[in-house]
Amino acid sequence: MNRRATSAAGACLLLVSCVSRKPAEEPKPMNMNSDLHSYSQPGKVRVRHLDLECDVNFAKKILEGVATLTIEHALDAGAAPLILDTRDLVIDKAEISSGGDFKDAVFHLGPAHEYLGAPLSVEITPATTRVRVHYSTSPNASGLQWLDPAQTAGKSHPFLFTQSQAIHARSWIPLQDSPAVRFTYDARVRTPQALLALMSAENDPKARRSGEFAFHMPLAIPSYLMALAVGDLVFHPVSERAGIYAERPVIDKAAKEFEDTEKMIEAAETLFGPYRWGRYDILVLPPSFPFGGMENPKLTFATPTVIAGDKSLVSLISHELAHSWSGNLVTNATWRDFWLNEGFTTYIELRIQEKLYGKRRASMEAVLGRETLDRNLRDLPEPDQILYVDLAGRDPDEGMTEIPYVKGALFLRTLEENFGRERFDNFIRGYFDHFAFQSITTQQFIDYLKENLLDRNKPIAARIPWQDWIFQPGLPAGAAQPSSDAFEKVRGQARRWFKRELATANLQTAGWTTQEWLHFLLFFDSNQIDAGRMADLDARFHLTESGNAEILAQWLLLATRNGYSAADRKVENFLISVGRRKFLKPLYEELVKTPEGHRRAEAIFAKAKSGYHPISAASVTEILTKELENK
């Protein structure tokens with residue numbers, strides 16, 4: 001998943017050497033019943049396959065489903081029940097089968113927890129091979145967003161999409177909702193006849209809109225990669241194995257923006273081994289999608305805010321594609337091991353960008369990521385700066401900071417720089433081959449790292465404090481430090497302009513990339529600019545009307561911070577029209593810093609809330625509530 005923010009202040013390099021060091025906490029071997037974010041006990045009874053029947057009811061905004069689970073018993077499981085994770089599901093009936101007809105089973109739905117939901121316990125026998133659950137979802141399911149026609153690009157039909165990561169799959173399917181549990185699935189989805197249904201499975205680009213769609217996923221995946229979308233969608237191929245789905249008004253721009261998708265796949269294969277998922281398609285969702293992208297296998301979900309017209313933001317596609325190796329192929333076994341997904345993916349993303357678009361662009365993107373990490377290190381408490389983060393008693397979404405993404409990637413880049421790219425690439429390819437289609441822990445990674453890299457090159461390994469990288473806050477000494485000559489020139493102009501040594505009219509910006517503009521704007525992240533000078537920049541470069549969502553979001557953040565009222569209407573329109581948390585959170589957090597801004601934020605949220613995904617709405621609600629409590 002790509003949820004990283006690019007709003008960052010200058011580097012806070014003192015954190016590299018000034019954080020306190022605590023004894024390393026060595027991870028323990030994986031206990032299949034030890035996922036703190038799942039009620040299920042797959043070490044006793046484990047789901048191996050899902051057969052899903054699902055009716056999409058737009059009128060009631062619910063899914064009405066039947067989930068048939070093929071299970072496997074541990075040898076010592078005895079009469080252990082099958083325990084499934086649910087969240088706000090209505091359970092109508094449970095049935096069991098030992099190979100023949102199904103018969104009614106006794107089930108119990110336990111008390112609901114704030115974010116874990118409620119355990120569904122189904123009584124089974126040692127001979128039970130299948131369990132069938134009849135259920136329906138809540139209209140407010142955290143993993144579903146229902147959009148009315150007016151909230152779509154086409155304005156004629158409704159739209160539904162899911163977001164299962166981290167633990168939201170349980171809000172639309174009763175499952176063992178743990179990344180340690182991988183299963184195959186088949187599904188049959190019934191929809192209004194005018195709409196097209198897609199899933200994280202084998203999709204037929206030539207599928208007819210019959211009102212019923214069949215899906216097959218023969219490769220075992222974890223529950224957070226379950227995905228469904230239903231809407232007035234069309235398809236545009238970009239190669240034999242890749243294409244774009246989107247609403248009709250969006251499809252042409254999207255296909256042009258992502259036309260390099262096949263080249264990205266080929267670049268990744270050259271670096272890290274074959275793409276093992278068959279097709280790689282991209283679904284461009286409405287702008288209410290709360291994240292940049294979601295790596296659902298065979299069908300990446302992507303925000304339309306990366307369609308800039310110049311391919312300057314397609315690193316997001318590189319990131320989601322990279323998950324086909326790190327995350328989808330080799331998966332974190334618990335959410336505490338999340339860095340194994342995102343650190344590897346962020347590293348691979350930059351390697352793909354470098355191979356396709358050159359070192360200059362990849363270097364700029366690496367520097368932006370490092371600056372964002374430095375901002376996170378400054379703001380986060382020390383325990384949350386640790387890659388192997390402690391999430392006991394916490395929603396796993398709280399671990400989705402820059403730490404697993406960028407600190408994880410810097411760790412891998414540091415290994416690459418010390419051991420050499422050729423040797424390190426061979427290590428990563430071997431890692432993906434060794435753990436393919438498995439969910440692994442941090443301890444398993446450490447064991448593999450020691451055996452296949454560190455112990456084979458002990459003089460080099462002695463220079464790398466790998467324990468500090470994984471178990472300590474901050475960044476260890478010797479951390480890789482990306483740099484960009486282009487950014488040095490941008491920073492020089494920004495500094496001179498801020499000191500009034502360079503007039504706005506004399507800023508040399510011809511040919512600047514999106515990354516250079518972001519670096520320029522980020523220079524002023526912690527510097528006050530008077531409204532008059534903001535107006536000068538706006539008059540010269542028309543930043544309030546930028547069609548690039550990244551540049552616009554950073555400019556509007558500066559405008560809000562510096563009282564540039566000419567952008568107020570644009571701030572409101574932007575917050576109402578876009579649901580991506582990366583943009584929403586910084587703007588709302590800036591607005592609520594003053595009483596007047598807090599009132600504006602509440603008024604904007606009242607207008608925008610119905611168009612936000614439940615995940616985004618919850619984030620904004622938390623910001624507004626927290627500020628009220630602090631006053």
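Quick look at the structure, then. Keep in mind that what you see is a predicted model, and the values were worked out from it rather than measured.

Conventions and cut-offs
Residues numbered from 1 in each chain as written. Predicted model: local features only at pLDDT ≥ 70, side-chain atom pairs only at ≥ 80, totals over all residues. Heavy atoms only, no water. Helix = DSSP H or I, 4+ residues; strand = E, 2+ residues; numbered from the N terminus. Buried < 20%, exposed > 50% of the residue type's maximum accessible area, 1.4 Å probe, protein only. Salt bridge = Lys/Arg side-chain N within 4 Å of Asp/Glu carboxyl O. Arc of directions from axis to C-beta. Contact = heavy atoms within 4.5 Å. Pairing = 2+ DSSP bridges. Axes fitted to C-alpha atoms, helices over the stretch in contact; angles between N-to-C directions.

**Digging into unusual backbone geometry**
Trans is the common state for peptide bonds, and a negative phi is the common state for residues other than glycine. Note that the residue after Gln165, namely Ala166, is joined by a cis bond; omega there is 5°. For Ala166, the location among the structural elements is in the loop between strand S10 (159-162) and strand S11 (182-190). The backbone phi angle of Asp88 is positive, close to 60°, even though this residue is not glycine. Here Asp88 is to be found in the loop between strand S3 (82-86) and strand S4 (90-97). Of the residues examined, Asp88 reaches a relative accessible area of 48% and is grouped as partly exposed. Even without being glycine, Lys311 reaches a positive phi, approximately 65°. Within the element layout of this structure, Lys311 appears in the loop between strand S19 (299-302) and helix H4 (315-322).

**Description of the pattern of salt bridges**
Applying the stated criterion across every chain, the model contains 41 salt bridges. For Lys93, the salt bridge identified is with Glu95, shortest N-O distance 3.8 Å. Close ionic contact of Glu590 with Lys593 constitutes a salt bridge, the shortest N to O distance being 3.1 Å. For Glu590, a relative accessible area of 10% puts it in the buried group. Three or more residues are tied together by salt bridges with common partners; here these are Arg375, Arg378, Asp379, Asp525, Arg561, Glu590 and Lys593.

**Considerations on helix H16 (residues 568-577)**
Burial in H16 covers these residues: Val571, Phe574 and Leu575. Taken around the axis of H16, the buried residues stretch over an arc of 95°, which confines them to a single face. The inward-facing, buried residues of H16 abut helix H15 (549-561), helix H17 (581-591) and helix H18 (595-608).

**Observations concerning the sheet that holds S3**
An order of S3-S7-S6 is seen for the three strands of this open sheet, with the pairing classed as antiparallel. Strands with a single pairing partner mark the edges of an open sheet, and in this sheet they are S3 and strand S6 (107-109). Here the average twist between neighbouring strands, direction ignored, is 20°. For S3 and strand S7 (residues 118-122), the ladder comprises five bridges, and the chain directions are antiparallel. If you follow Leu84 over to S7, its bridge partner there is Leu120.

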